[in-house]
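Chain residues, written in single-letter form:
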Amino acid sequence: GDDDTKSSSSSSSSSSSSRASGLSLLTNAQVKDFIIQGFCCVQVDEQPTAWHEAAYTKARAISDETAHNQHILWAEMTPEINTVIRSASVRGALTSLLGNDYLFSGGGHCHVSSATDQQHHKDGTSNGVRRHEPAGVICMYYPTETTVEMGATCIVPKSQYFSVNREGWTES
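Predicted, not measured: the structure shown is a model, and the values here were computed from it.

**Student:** Just checking my understanding: could you explain the overall build of the protein for this structure?
**Tutor:** Scanning the protein for helices and strands turns up five helices and zero strands. When the helices and strands of the protein are read in sequence order from the N terminus, they spell out α-α-α-α-α. A buried classification covers 27% of the 172 residues belonging to the protein. In the protein, of all internal contacts separated by at least 6 residues, the share reaching a separation of at least 24 is 74%.

**Student:** It is not clear to me how the environment of Q160 should be interpreted in this structure. Could you clarify?
**Tutor:** Checked against the element boundaries, Q160 lands in the segment after α5 (88-98). Between the C-alpha atoms of Q160 and I36, which are 124 residues apart in sequence, the distance is 9.1 Å.

**Student:** Can you help me understand the side chain of S96 in this one?
**Tutor:** Following the sequence through the fold, S96 ends up in helix α5. According to the relative accessible area criterion, S96 is buried, its value standing at 1%. For S96, the side chain forms a polar contact with the main-chain oxygen of G92, separated by 2.9 Å.

**Student:** Would you explain the confidence of the model for the protein in this entry?
**Tutor:** Residues shown with low pLDDT carry predicted positions that ought not to be read at fine detail. Chain-level pLDDT for the protein is 77 on average; 66% of the residues reach the 70-or-more range. Below pLDDT 50 for its whole length, residues 8-20 participates in 20 contacts with residues either more than four positions away or in separate chains.

Each value, and the rule that gives it
- Residues numbered from 1 in each chain as written.
- Predicted model: local features only at pLDDT ≥ 70, side-chain atom pairs only at ≥ 80, totals over all residues.
- Heavy atoms only, no water.
- Helix = DSSP H or I, 4+ residues; strand = E, 2+ residues; numbered from the N terminus.
- Buried < 20%, exposed > 50% of the residue type's maximum accessible area, 1.4 Å probe, protein only.
- Contact = heavy atoms within 4.5 Å.
- Polar contact = N/O pair within 3.5 Å; in protein donor to acceptor, adjacent residues only side chain to side chain.
- pLDDT = per-residue confidence, 0-100.

Following this line, the structure appears as structure tokens:
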């Protein structure tokens, strides 16, 4: 049916459709769910589980050695991060959501979770107000299963439709 059809949100010119070839595009149902929920999960199956576990072990060691310095962690993890970003599944998802000519900013933050992690916050706001028109997506990569012991990791479904960042507000 229509929901199982692969989706690419850009024009179908010969040069743009050739760029999408070989990618694992999202289905129309997955794109619809992304629009409603505000997130989608993509499995990076191009690498074996042992590769992802080794990436996590490396990130944990660097984080411990550098007192959680995100800049050093990002620089040291760049080869692994690039492997994930360039995978057919991630590029396919980004192409499905953003079109064939999307740009990757090339920057980010590497977090190795701990008990002293960030408080609940909302990414992608400008002066506390969230834009409703799509300007991009935020990608997160978890090389291992996340557990309660690792600290909070939370995505609030449909929060892209909240107009105001209520972080720091208190109820009266």
